[in-house]
Amino acid sequence: MRNRTETSDLTQADFDFVRTLVKQHSSISLDDSKGYLVSSRLLPIARGRGFESVAALITHLRSRPHGKVHTDVLEAVATTETSFFRDFHPYEALRDQVIPDLIRKRRESTRMLSIWSGACSSGQEPYSVAMVLRQVIPDIDTWTIQLLASDFSGAMVERARKGVFKQLEVNRGLPAHLLVRYFDQHGASWWLKDEVKRMVTFFQQNLDREWTRIPQVDLVFLRNVLIYFDVETRRRILRKVRRHLRPDGFLVMGAAETTLSLDDSFRRVQFGRAAFYQPGEGSGQ
Ligand SMILES: C[S@@+](CC[C@H](N)C(=O)[O-])C[C@H]1O[C@@H](n2cnc3c(N)ncnc32)[C@H](O)[C@@H]1O
């Protein structure tokens with residue numbers, strides 16, 4: 001019988017190897033307290049591939065050029081926790097103020113809205129935005145809606161694109177009337193209807209690489225992702241956000257996040273209980 005992998009399998013050298021791999025490929029910074037997290041997330045990969053321990057898996061990673069197993073490790077280490085209408089208040093602000101304002105401004109000109117969710121995980125965030133748009137814009141079919149969603153994890157992008165969610169996932173944050181309106185039940189899972197699913201274009205994008213597919217947008221969602229990066233990486237990404245946001249557009253961050261002390265050129269705008277961030281004068285240069 002194989003030995004069970006123990007947390008103690010992870011030596012400092014093994015942890016440092018994974019830490020460097022993760023930093024290089026996903027820009028996530030792992031401090032010394034994350035040994036247990038790494039070990040517990042790598043354990044299913046080690047078991048699934050028949051390694052006798054996490055240490056043996058890491059030895060394998062060290063001895064091979066970058067390949068599928070490295071990608072699996074990188075994706076396993078990233079935290080992908082998400083939910084529909086996470087924290088609720090930003091979505092309330094979108095529904096009651098931000099989208100109606102943007103619609104009013106764009107109605108006589110481009111009749112176009114561009115929105116990007118830059119760390120979309122399994123898709124609940126962009127799909128929540130899509131549902132808000134359908135609720136708020138009565139003549140949505142006469143508008144050009146560009147709703148982009150990306151994540152560095154190919155596995156997450158693939159999952160998100162399917163638009164299929166477990167009961168537990170729809171129980172978290174999704175109001176019952178929207179579940180009934182926009183999902184079909186198939187056995188134990190809930191399938192998003194095409195009218196919402198087809199609104200979102202998913203693709204893989206590492207936030208800390210060149211943003212080749214990101215146009216000028218009205219809203220950028222970067223929620224609960226910058227926290228995983230070091231300060232320099234956060235600043236670098238916020239600088240790029242400024243260049244891609246329209247002057248009257250907004251950055252939407254996680255409930256506990258702020259641009260404060262990272263990038264002074266964003267202006268905080270309060271909408272009820274949600275704070276959004278607008279690029280200040282001179283941004284976009
Ligand atoms: C905690 S989830 C947040 C999901 C969603 N934005 C929310 O707030 O519910 C963080 C996501 O960031 C992604 N991520 C981590 N590093 C990334 C990077 N360098 N570029 C793009 N996405 C990244 C992870 O794969 C994960 O899906």
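Use the structure listed above.
Residues numbered from 1 in each chain as written. Predicted model: local features only at pLDDT ≥ 70, side-chain atom pairs only at ≥ 80, totals over all residues. Heavy atoms only, no water.

Draft legend 1. Molecular detail of the overall build of the protein chain. For the protein chain, the helix and strand inventory stands at eleven helices and ten strands. Taking 2.2 N^0.38 as the reference for a compact globule, 285 residues should give roughly 19 Å; the C-alpha atoms of the protein chain span a radius of gyration of 20 Å, in line with that estimate. When the 285 residues of the protein chain are sorted by exposure, 51% land in the buried category. Within the protein chain, contacts between residues separated by at least 24 positions form 73% of all contacts whose residues are at least 6 apart in sequence. Summed over all atoms, the accessible surface of the protein chain reaches about 13900 Å², with 50% contributed by carbon and sulfur. (Helix = DSSP H or I, 4+ residues; strand = E, 2+ residues; numbered from the N terminus. Rg over C-alpha atoms; globule rule 2.2 N^0.38 Å. Buried < 20%, exposed > 50% of the residue type's maximum accessible area, 1.4 Å probe, protein only. Contact = heavy atoms within 4.5 Å. Areas by Shrake-Rupley, 256 points an atom, 1.4 Å probe, with all protein chains shown as cover.)

Draft legend 2. Representation of the site of the ligand in the model. Lining the immediate environment of the ligand, one finds 22 residues, of which Ser 26, Thr 82, Arg 86, Asp 151 and Asn 224 sit closest. In this structure, a nitrogen atom belonging to the ligand sits 3.3 Å away from a main-chain N or O atom of Phe 152. For the ligand, whose accessible area on its own is 600 Å², the fraction buried by protein is 99%. By residue class, the composition of the shell around the ligand is eight nonpolar, nine polar and five charged. (Near = heavy atom within 4 Å. Polar contact = N/O pair within 3.5 Å; in protein donor to acceptor, adjacent residues only side chain to side chain. Nonpolar A, V, L, I, M, F, W, Y, C, P; charged D, E, K, R; others polar.)

Draft legend 3. Inspection of the packing of helix 1 (residues 12-26) against helix 3 (residues 54-63) at higher detail. Between helix 1 and helix 3, the least distance of the axes is 10 Å, while the angle of their chain directions is 50°. When the axis of helix 1 is compared with that of helix 3, the two are oblique. For the pair helix 1 and helix 3, the sense of crossing is left-handed. Touching Ala 13, Asp 14, Phe 17 and Val 18 of helix 1 are Ala 55, Ile 58, Leu 61 and Arg 62, all from helix 3. (Axes fitted to C-alpha atoms, helices over the stretch in contact; angles between N-to-C directions. Parallel < 35°, antiparallel > 145°, perpendicular 65-115°, else oblique. Left-handed = near helix turned anticlockwise from the far one by under 90°.)

Draft legend 4. Inspection of the pairing of strand 1 (residues 112-117) at higher detail. Counted residue by residue, strand 1 has five buried out of six residues, so it is predominantly covered. Bridge count for strand 1 against strand 2 (residues 144-151) is six bridges, and the pairing is parallel. Note that in strand 2 the partner of Ile 115 across the bridge is Leu 147. With respect to chirality, the unit in which strand 1 leads through helix 6 (residues 124-136) into the neighbouring parallel strand 2 is right-handed. Direction of pairing for strand 1 relative to strand 7 (residues 217-222): parallel, over a ladder of three bridges. If you follow Ser 117 over to strand 7, its bridge partner there is Phe 221. (Pairing = 2+ DSSP bridges. Right-handed = clockwise from strand over helix to strand, strands pointing away.)

Draft legend 5. Expanded view of the packing of aromatic side chains. In this structure the tally under the stated criterion is eleven aromatic pairs. A ring pair is formed by Phe 84 and Phe 165, whose centres lie 5.0 Å apart and whose planes are at 70°; its orientation type is edge-to-face. A residue pair is termed long-range when its members are at least 10 positions apart, and Phe 84 in the loop between helix 4 (68-77) and helix 5 (89-107) and Phe 165 in strand 3 (residues 164-166) qualify at 81 residues. A residue is classified by how much of its surface remains accessible, and Phe 165, at 0% relative accessible area, is buried. Seen in terms of ring centroids, Phe 85 and Tyr 91 are 5.1 Å apart; in terms of plane orientation they differ by 65°. Their pairing is edge-to-face. Like Phe 85, the residue Tyr 91 is buried in the burial classification. Among the aromatic residues, those joined into a cluster by ring pairs are Phe 84, Tyr 127, Phe 165, Phe 183 and Phe 202. The ring of Phe 203 is capped by Arg 213, whose NZ or CZ atom sits 4.2 Å from the centre of that ring. (Phe/Tyr/Trp six-rings, centres within 6.5 Å; stacked < 30°, edge-to-face > 60°. Lys NZ or Arg CZ within 6 Å of the ring centre and 35° of its normal.)

Draft legend 6. Region of interest: unusual backbone geometry. Positioned with a positive phi, Phe 88 is a non-glycine residue whose angle comes to about 55°. A positive phi angle, near 50°, is found at Arg 111, a position not held by glycine. Mapped onto the elements of the fold, Arg 111 is located in the loop between helix 5 and strand 1.

Draft legend 7. Representation of the pattern of salt bridges. Under the definition given, this model contains 25 salt bridges. Between Asp 72 and Arg 49 there is a salt bridge whose closest N-O contact spans 2.9 Å. Residue Asp 72 is found in helix 4, and its partner Arg 49 is found in the loop between helix 2 (35-48) and helix 3; the two are separated by 23 residues along the sequence. Since its relative accessible area comes to 17%, Asp 72 is described here as buried. Its salt-bridge partner being Asp 87, residue Arg 223 comes within 2.7 Å of it at the nearest N-O pair. One end of the pair, Arg 223, is in the loop between strand 7 and helix 11 (231-244); the other, Asp 87, is in the loop between helix 4 and helix 5, with 136 residues separating them in the sequence. (Salt bridge = Lys/Arg side-chain N within 4 Å of Asp/Glu carboxyl O.)

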